[in-house]
Amino acid sequence: MAKQKKHPTGTIALNKKALHDYSIENKFEAGIALSGWEVKSLRAGKAQLVDSYVLLKDGEAYLFGAHITPLKTASTHVIADPTRTRKLLLHKRELGKLFGAVQQKGYACVALALYWKKHLIKCEIALAKGKKEFDKRATEKERDSDREISRVMRNKGKEE
């Protein structure tokens, strides 16, 4: 009997900068067309989404700017391009929603996370609207007040 391998779980990479710069409207789950050395690097957690974005062109979606660092042992015979353009795999109706919304003023399509779903690597992309500077400050202020309230509630529970 063949041994069953345990699938890796969890998040590979997050794009925290996108959450700071954009207000998220809709989220979509997309597959990614990857080569073998990229999958090995992602298993090792060697990915960054900081300056990545999604380009919609010719009825298809592409991930630009995602950096997957090649492993020294995995890519000895392959010329690896860490920031190559990767095709995102979405359903036609999802692509239609994205195309329609990006045509509207102020909407952008950004990559939020790379993660494992069983044995597959998925990319969470979002339809987002850019935040103004005062929106960013308001979000920060709200987060601080929520943190303060939870701290007070936690300490109140310990006193009793």
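Residues numbered from 1 in each chain as written. Predicted model: local features only at pLDDT ≥ 70, side-chain atom pairs only at ≥ 80, totals over all residues. Heavy atoms only, no water.

**Topic: helix α3 (residues 92-103)**
Link 1 in the chain: Between the first and last C-alpha of α3 there are 17 Å, a value that for 12 residues agrees with the 16 Å anticipated at 1.5 Å per step.
Link 2 in the chain: By the burial criterion, the buried members of α3 are E94, L95, L98 and A101. One side of α3 carries all its buried residues, which in axial view fall inside an arc of 135 degrees. Opposite the buried face of α3, by more than 90 degrees, sit the exposed residues K92, R93 and Q103.
Link 3 in the chain: On its buried face, α3 sits against β2 (22-32), β4 (53-57), β5 (60-64), β8 (107-117) and β9 (120-130). (Helix = DSSP H or I, 4+ residues; strand = E, 2+ residues; numbered from the N terminus. Expected span 1.5 Å × (residues − 1). Buried < 20%, exposed > 50% of the residue type's maximum accessible area, 1.4 Å probe, protein only. Arc of directions from axis to C-beta. Contact = heavy atoms within 4.5 Å.)

**Regarding the environment of Q48**
Link 1 in the chain: As for its placement among the helices and strands, Q48 is situated in strand β3 (residues 47-48).
Link 2 in the chain: The spacing of Q48 and T83 is 35 residues in sequence and 9.8 Å in space, taken between C-alpha atoms.
Link 3 in the chain: With residues up to four places along the chain from it excluded, the contact list for Q48 reads A66 and H67.

**A closer look at the nonpolar core**
In a soluble, globular protein the nonpolar side chains are often hidden away together inside.
Link 1 in the chain: In terms of nonpolar packing, the biggest core is built from 29 residues, with V54, L88, L90, L98, L114 and I125 touching the most fellow members.
Link 2 in the chain: Only β1 (11-14), β2, α2 (36-43), β4, β5, α3, β8 and β9 provide two or more residues apiece to this core.
Link 3 in the chain: Here this core gets five residues from one element, more than from any other, and that element is β8.
Link 4 in the chain: Contact partners of L88, with chain neighbours within four places excluded, come to A30, G31, I32, V54, A61, Y62, L63, C123 and I125.
Link 5 in the chain: Of all hydrophobic cores here, the second largest spans five residues; its members include A18, L112, A126 and A128. (Core = buried A, V, L, I, M, F, W, Y, C linked by side-chain atoms within 4.5 Å.)

**Some remarks on the sheet that holds β4**
Link 1 in the chain: Ordered in space as β1-β8-β9-β2-β7-β5-β4, the seven strands form an open sheet in which the pairing is antiparallel. At either end of the open sheet lies a strand with only one pairing partner, and these are β1 and β4. Across the sheet, the mean angle from the axis of one strand to that of its neighbour is 40 degrees, orientation sign disregarded.
Link 2 in the chain: As paired elements, β1 and β8 share three bridges and run antiparallel to each other. Of the residues in β8, the one forming a bridge with T11 is Y115.
Link 3 in the chain: The strands touched by α2 are β1, β7 (86-89), β8 and β9; relative to β8, the strand with the most contacts, the crossing angle is about 75 degrees. (Pairing = 2+ DSSP bridges. Axes fitted to C-alpha atoms, helices over the stretch in contact; angles between N-to-C directions.)

**So, the pairing of β2**
Link 1 in the chain: Pairing between β2 and β9: nine bridges, direction antiparallel. In the sheet register, Y22 faces β9, and the bridge partner there is G130.
Link 2 in the chain: Here two bridges tie β2 to β7, and the two strands are oriented antiparallel to one another. In the strand pairing of β7, G31 is matched with L89.

**Re α2**
Link 1 in the chain: Listed as buried for α2 are W37, E38, S41 and L42. Seen along its axis, α2 keeps its buried residues to an arc of 140 degrees; they face one direction.
Link 2 in the chain: Tucked into the core, α2 has its buried residues touching β1, β3, β6 (67-68), β7, β8 and β9.
Link 3 in the chain: Backbone geometry just downstream of α2 places G45 in the positive-phi region, at approximately 80 degrees.

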